[in-house]
Amino acid sequence: MTTSLQRRVRRLEEVSGDGGCERCRGVLVLASNAITGEFHSATCNGELLSEEEVRERQAETSCPRCGRKLDSGEAPVIKVGGLRGGT
Ligand SMILES: [Zn+2]
């Protein structure tokens, strides 16, 4: 099953594939409440991340694994506005 979200992730992975390792090339998929912005869940490369781990990643200026410079302004993040308050 391929969802449109998975297609978007694939595309982002392709355009960001200019070097780097698995960790920093992974696309962060952030799911948060569309209205309050409250953190819901996040995954990267299929791995579940905690809110803290997401903050750490977003604060990184270079990849701790391969040393690739990370521009947080360009880091591929997909925000998913899930869970619309029980409508
Ligand atoms: Zn890396």
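Just above, that's the structure.
So, here is what we can say about the structure in this document. (Residues numbered from 1 in each chain as written. Predicted model: local features only at pLDDT ≥ 70, side-chain atom pairs only at ≥ 80, totals over all residues. Heavy atoms only, no water.)

Quick look at the environment of Ile78
How we decide: Secondary structure counts use DSSP, requiring at least four H or I residues in a row for a helix and at least two E residues in a row for a strand, with both numbered from the N terminus. Summary of the burial criterion: residues with accessible area below 20% of their type's maximum are buried, those above 50% are exposed, and those between are partly exposed, where the area comes from a 1.4 Å probe applied to protein chains only. For this analysis, residues touch if any pair of their heavy atoms sits within 4.5 Å.
Relative to the elements of secondary structure, Ile78 occurs in strand 4 (residues 77-82). The class for Ile78 is buried, based on a relative accessible area of 2%. Each residue touching Ile78, except ones within four places of it in the same chain, is listed here: Leu5, Arg8, Val9, Leu12, Val27, Leu28, Val29 and Leu30.

Description of the pattern of salt bridges
Which entries qualify depends on this criterion: Salt bridge, as applied in this entry: a Lys or Arg side-chain nitrogen positioned within 4 Å of an Asp or Glu carboxyl oxygen.
The final tally for this structure, using the stated rule, is two salt bridges. Ionic pairing is found between Arg23 and Glu60, a salt bridge with its closest N-O pair at 3.1 Å. Note that Arg23 is positioned in helix 2 (residues 22-25) and Glu60 in the loop between helix 3 (51-59) and strand 4, a separation of 37 residues in sequence. Given a relative accessible area of 17%, Glu60 falls into the buried group. The salt bridge involving Glu51 is made with Arg55; its shortest N-O contact spans 3.0 Å.

Some remarks on the coordination of the zinc ion
The line we're drawing: A donor here means an N, O or S atom no more than 2.8 Å from the metal, or no more than 3.2 Å when the metal is Na, K or Ca. Since water is not included, a site may seem to lack partners. Working rule for geometry: tetrahedral if four donors all subtend angles between 85 and 135 degrees; square planar for four, octahedral for six, if opposite donors exceed 155 degrees and the others stay between 65 and 115; irregular in every other situation.
Within the first shell, the zinc ion binds the protein through Cys21 (SG), Cys24 (SG), Cys63 (SG) and Cys66 (SG), at distances of 2.3 to 2.4 Å. Considering all four donor atoms around the zinc ion, the spread of angles at the metal, 103 to 116 degrees, places the coordination shape in the tetrahedral class. Sequence positions of the donors to the zinc ion reduce to the motif C-x2-C-x38-C-x2-C. The buried category is assigned to Cys63, whose relative accessible area is 2%.

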